[in-house]
Amino acid sequence: QVQLAESGGGTVQAGDSLRLSCAASGGTFSNYAMAWFRQGSGKERGIVAQISRGGVLTHYPDSVKGRFTISRDNGENTVYLQMSNLKPEDTAIYYCAATTANWKFATESDYGYWGRGTQVTVSS
């Protein structure tokens, strides 16, 4: 079992950048595919980015493709989300999550390990 802790959130202006970090402890980090999710106020939780166990393969929804980049450092047990050209609609609580399933086949319910979240607020 792995424990996850996000950090790096804050308040920025539209067009700015932020890098979120998610530190993992327990388990073996490289055994888990990782993802970032977000949930804005009054909205459903949605996936932001996925990364394979080895960190080579990634996937993004169209809403963030070209602006967000997920990466991981298995030596540091950390996954990152680099966010650029932030927009007010990116305002949300951002969560990292882990799954032992192959990310290609994983659904949201397969991500059984979650961090507490970090708030990102983008002002216009």
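Residues numbered from 1 in each chain as written. Predicted model: local features only at pLDDT ≥ 70, side-chain atom pairs only at ≥ 80, totals over all residues. Heavy atoms only, no water.

Draft legend 1. Layout of the overall build of the chain. Counting secondary structure elements, the chain contains zero helices and eleven strands. A globule of 124 residues ought to have a C-alpha radius of gyration of about 14 Å, and the chain, at 13 Å, matches this closely. The dimensions of the chain, computed from C-alpha atoms along their principal axes, are 40 × 25 × 25 Å. Residues counted as buried form 41% of the 124 residues belonging to the chain. Here the chain has roughly 6200 Å² of accessible surface; of this, 43% comes from carbon and sulfur atoms. One way to put it: in the chain the 11 positive side-chain charges average out to a point 3 Å from where the 10 negative ones average out. (Helix = DSSP H or I, 4+ residues; strand = E, 2+ residues; numbered from the N terminus. Rg over C-alpha atoms; globule rule 2.2 N^0.38 Å. Buried < 20%, exposed > 50% of the residue type's maximum accessible area, 1.4 Å probe, protein only. Areas by Shrake-Rupley, 256 points an atom, 1.4 Å probe, with all protein chains shown as cover. Lys, Arg positive; Asp, Glu negative; His and termini not counted. Charge placed at Lys NZ, Arg CZ, Asp CG, Glu CD.)

Draft legend 2. Structural detail: the side chain of arginine 72. For arginine 72, the location among the structural elements is in strand β7 (residues 68-73). Here the side chain of arginine 72 touches serine 52 through a polar contact of 2.9 Å, landing on its backbone oxygen. A distance of 2.7 Å separates polar atoms of two side chains, one belonging to arginine 72 and the other to asparagine 74. (Polar contact = N/O pair within 3.5 Å; in protein donor to acceptor, adjacent residues only side chain to side chain.)

Draft legend 3. A look at the sheet that holds strand β1 (residues 3-7). Strands sit in the order β1-β3-β8-β7 across an open sheet of four strands; the sheet is antiparallel. Only two strands of the sheet have a single partner each, and these edge strands are β1 and β7. The mean inter-strand angle of the sheet, taken between neighbouring strand axes irrespective of direction, is 15°. (Pairing = 2+ DSSP bridges. Axes fitted to C-alpha atoms, helices over the stretch in contact; angles between N-to-C directions.)

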